[in-house]
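Each chain, written out:
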Amino acid sequence: MIGLSIESSCDETAVAILKDGREVLANVVSTQIDIHKKYGGVVPEIASREHILHISYVVKEALDKAKLKFKDLDYIGVTYGPGLIGALLVGVSYAKSLAYALNIPIVPTHHISGHIAANYLTYPDLKPPFLALVVSGGHTHLINVKDYTKFEIIGKTRDDAVGEAFDKVARTMGLPYPGGPQVSNLAQNGKPTYKLPKTKFDNYDFSFSGIKTAVINLVHKEKDNLSKENLCASFENTVCEELVDTTIKAMKDLNIKNVVLAGGVSANRVLRQMLQQKASKNSFNSYIPDLKYCTDNAAMIGSAAYYNYINGKYFDIKDKLDLNAVANLEIDK
Ligand code: KG4
Ligand code: ZN
């Protein structure tokens, strides 16, 4: 089965071609980061316009890289939510037109299921069930992945997503967007000397607005005495402990032996190490995605789309023209 997949939910126009959901024949990402950098974050209207400008070229480049033609494709997978509505609509409209013109099925795919599936590309033998810690710019979820297309959210952030907190902390310190990698780079030269607050709940929820505010207050209070390196190290360490400790607690309580890391923040060095160490200390198995599949890409969407496809979660575009993008799409509904 050859599937072409499209991802345009935020600031990357991405297209991939996969064979049988696990073999990546092409993976092209056209990033808009340099355009949004000057505004300190993603400007939705600019993102949509950039997707429109680039999508046809990115599709052509993916086909060329895979040495395939449109007629070789069996289905089209596309992210239809969650994300920026205008940005999503570009990918969804393009995918609908292409599926219509080629007379092949369309496979609407959830963005987060794609982040989770990044691990299927990294570990060819990985299969559900497992627990997924999903950490991105828009989401912080603990998801019980019961099967390839069956998800149950068991915990989530009550305020900021963890990537969003990294980006806001970076912005306060005058670091460019996207802030996560910048904070992490500075942290490498620092020590976690600042004591920052942690939020604990009785269930598996998270909260990052308290620590974000504490960091912002410290930046204003300490002024010239501030060690950005030490503050970044303290923030990174505290946040990673909160994420990993809650994950391990859930695994113990629910008797789940395997954990998978997913989402853009899974590129974070400390989080990767800490999850691996604490999981192995408890005799759990941990799976950490290859760095090239951590942040938004279409290969991960292609893998998730494949499992939707073989589980019958697709349709013939000519029977159902009204597929729409959904900005706040839940994964477990
Ligand atoms: O998954 P993603 O590419 O987009 C969304 O679906 O949101 O995640 C982007 C987020 C940004 O907030 C970015 O700052 C964060 O992932 N990020 C990191 C690192 N690399 C990316 N955060 C911490 N450390 C990193 N190394
Ligand atoms: Zn993402």
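Look up a bit, the structure's there.
Residues numbered from 1 in each chain as written. Chains lettered and ligands numbered in written order. Predicted model: local features only at pLDDT ≥ 70, side-chain atom pairs only at ≥ 80, totals over all residues. Heavy atoms only, no water.

A. Up close: the sheet that holds strand 1 (residues 2–7). Strand order in this open sheet of 5 strands is 3-2-1-4-5, and the pairing throughout is mixed. Looking at which strands have only one partner, the edges of the open sheet turn out to be strand 3 (23–31) and strand 5 (106–110). Sheet twist, expressed as the mean angle between neighbouring strand axes with direction ignored, is 20°. With 5 bridges joining them, strand 4 (residues 75–81) and strand 5 adopt parallel strand pairing. In the strand pairing of strand 5, I76 is matched with I106. The strands touched by helix 10 (residues 298–310) are strand 1, strand 2 (12–19), strand 3, strand 4 and strand 5; relative to strand 5, the strand with the most contacts, the crossing angle is about 115°. (Pairing = 2+ DSSP bridges. Helix = DSSP H or I, 4+ residues; strand = E, 2+ residues; numbered from the N terminus. Axes fitted to C-alpha atoms, helices over the stretch in contact; angles between N-to-C directions. Contact = heavy atoms within 4.5 Å.)

B. Layout of the packing of helix 5 (residues 162–172) against helix 7 (residues 209–222). Put simply, helix 5 and helix 7 touch, their axes get as near as 10 Å, and they point 5° apart. The angle between helix 5 and helix 7 places the two elements in the roughly parallel class. From helix 5, K168, V169 and T172 reach across to helix 7, where they touch K212, V215, I216, V219 and H220. A class-by-class count of the residues in the contact of helix 5 with helix 7 yields 4 nonpolar, 2 polar and 2 charged. (Parallel < 35°, antiparallel > 145°, perpendicular 65-115°, else oblique. Nonpolar A, V, L, I, M, F, W, Y, C, P; charged D, E, K, R; others polar.)

C. The site of ligand 1, seen in detail. The environment of ligand 1 is formed by 18 residues, the closest being H115, G137, D167, G264 and N268. The separation between an oxygen atom of ligand 1 and a polar main-chain atom of G163 is 3.2 Å. The contact in question runs from an oxygen atom of ligand 1 to an N or O atom on the backbone of G180, over 3.0 Å. Those elements that place two or more of their residues in the shell around ligand 1 are helix 4 (111–122), helix 5 and helix 6 (179–187). Of the residues assigned to the shell around ligand 1, the class counts are 5 nonpolar, 11 polar and 2 charged. Each of domain 1 (2–116 + 294–310) and domain 2 (126–291) accounts for three or more of the residues forming the shell around ligand 1. (Near = heavy atom within 4 Å. Polar contact = N/O pair within 3.5 Å; in protein donor to acceptor, adjacent residues only side chain to side chain. Domains from an automatic or database assignment.)

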